[in-house]
Amino acid sequence: MSSRIEQIIEEIEEYIDRDCKFQPLSTTKIIVNKEHLDELLKELRMKTPDEIKRYQKIIANRDAILADAQAKADAMIEEAQVQTNELVSEHEIMQQAYAQANEIVTQATAQAQEIIDNATRDANEIRIGAIQYTDDLLANAESIIGHTLDSYTTKYDGLINSLQECFDTVRSNRAELSIPQEDTGYDPMDGNI
C-alpha cells in the first residue's frame, strides 16, 4: 500500500507526462498549468508531516510494548521474590527454597532482559525504518522538484536566447537597410522623416 506522498509524486509525474502539451514548434518545451502544479506541490508539503506522524505512532506503539515488557519483567521478578520469601520462611526446606528462589530469580531476570532486548531492538528497527522511509520519500520529491526546476530554468534561458537572436537579426537587417539621412532625410532606425 503506497503512501499519499508517493501518490502525489506519481500524480506530478503523470501530469507532466500526460497532461502538459508541447509548446508550438518545440519537442522539448511544455506548457504547465502553474495553479495545478502548485496545488500538487502544496498537498505534498502538507502530507509530509502526516507521514512522519504516522511513523511516530508506530514508534510510540513500540514504546508501549517495551513498557509492557518491562512491567511483565518486574512482575515476574516480584513474584519470584515473593516465592523466595515464602520458601525461606519454612525452616525445614530453607536450603532448597533458597536454591529454587535463586533459580527462579535468575530465570525471571533472563526472561525479562530478553523481552526488554527484543522490544528495544524492534522499536529501534521500526524507528530507523520509519526515518529512512520518510527520508527516501523526501529525497524522491526533492529530485523530482529539482529536475523540474532545472528543466524549466533551461527552457526559460533557451527562450530568452532565441528572442535575443531574433531581436539581433531584426536590428541587423534594419541597419543593412539604412540609407544615409542626407540623401532622403529618412532614418529607418528612427522611424521619422
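Residues numbered from 1 in each chain as written. Predicted model: local features only at pLDDT ≥ 70, side-chain atom pairs only at ≥ 80, totals over all residues. Heavy atoms only, no water.

1. Considering the side chain of Lys 155
Logical step 1: If you trace the backbone, Lys 155 turns up in helix H3 (residues 94–177).
Logical step 2: Within the buried set, Lys 155 has no salt-bridge partner at all; the shortest N-O distance to an opposite charge, 9.4 Å, is to Asp 17.
Logical step 3: Among the polar contacts listed, one links the side chain of Lys 155 to the backbone oxygen of Thr 28, at a separation of 3.0 Å.
Logical step 4: Sequence-distant contacts of Lys 155, defined by excluding residues within four places in its chain, comprise Thr 28, Lys 29 and Ile 30. (Helix = DSSP H or I, 4+ residues; strand = E, 2+ residues; numbered from the N terminus. Buried < 20%, exposed > 50% of the residue type's maximum accessible area, 1.4 Å probe, protein only. Lys, Arg positive; Asp, Glu negative; His and termini not counted. Salt bridge = Lys/Arg side-chain N within 4 Å of Asp/Glu carboxyl O. Polar contact = N/O pair within 3.5 Å; in protein donor to acceptor, adjacent residues only side chain to side chain. Contact = heavy atoms within 4.5 Å.)

2. Some words on helix H1 (residues 4–19)
Logical step 1: Listing the buried residues of H1 in full gives Ile 5, Ile 8, Ile 9, Ile 12 and Tyr 15. Axial view of H1: buried residues confined to an arc of 120°, hence all on one face. Along H1, exposed side chains directed more than 90 degrees from the buried face belong to Asp 17 and Arg 18. (Arc of directions from axis to C-beta.)

3. Some remarks on the packing of H1 against H3
Logical step 1: Running from amino to carboxyl end, H1 crosses H3 at an angle of 20°, the nearest separation of the two axes being 10 Å. With respect to H3, the element H1 is oriented roughly parallel. The hand of the H1/H3 crossing is left-handed. Across the interface between the two elements, Ile 5, Glu 6, Ile 9, Ile 12, Glu 13 and Ile 16 of H1 pack against Tyr 133, Leu 137, Asn 140, Ala 141, Ile 144 and Thr 148 of H3. (Axes fitted to C-alpha atoms, helices over the stretch in contact; angles between N-to-C directions. Parallel < 35°, antiparallel > 145°, perpendicular 65-115°, else oblique. Left-handed = near helix turned anticlockwise from the far one by under 90°.)

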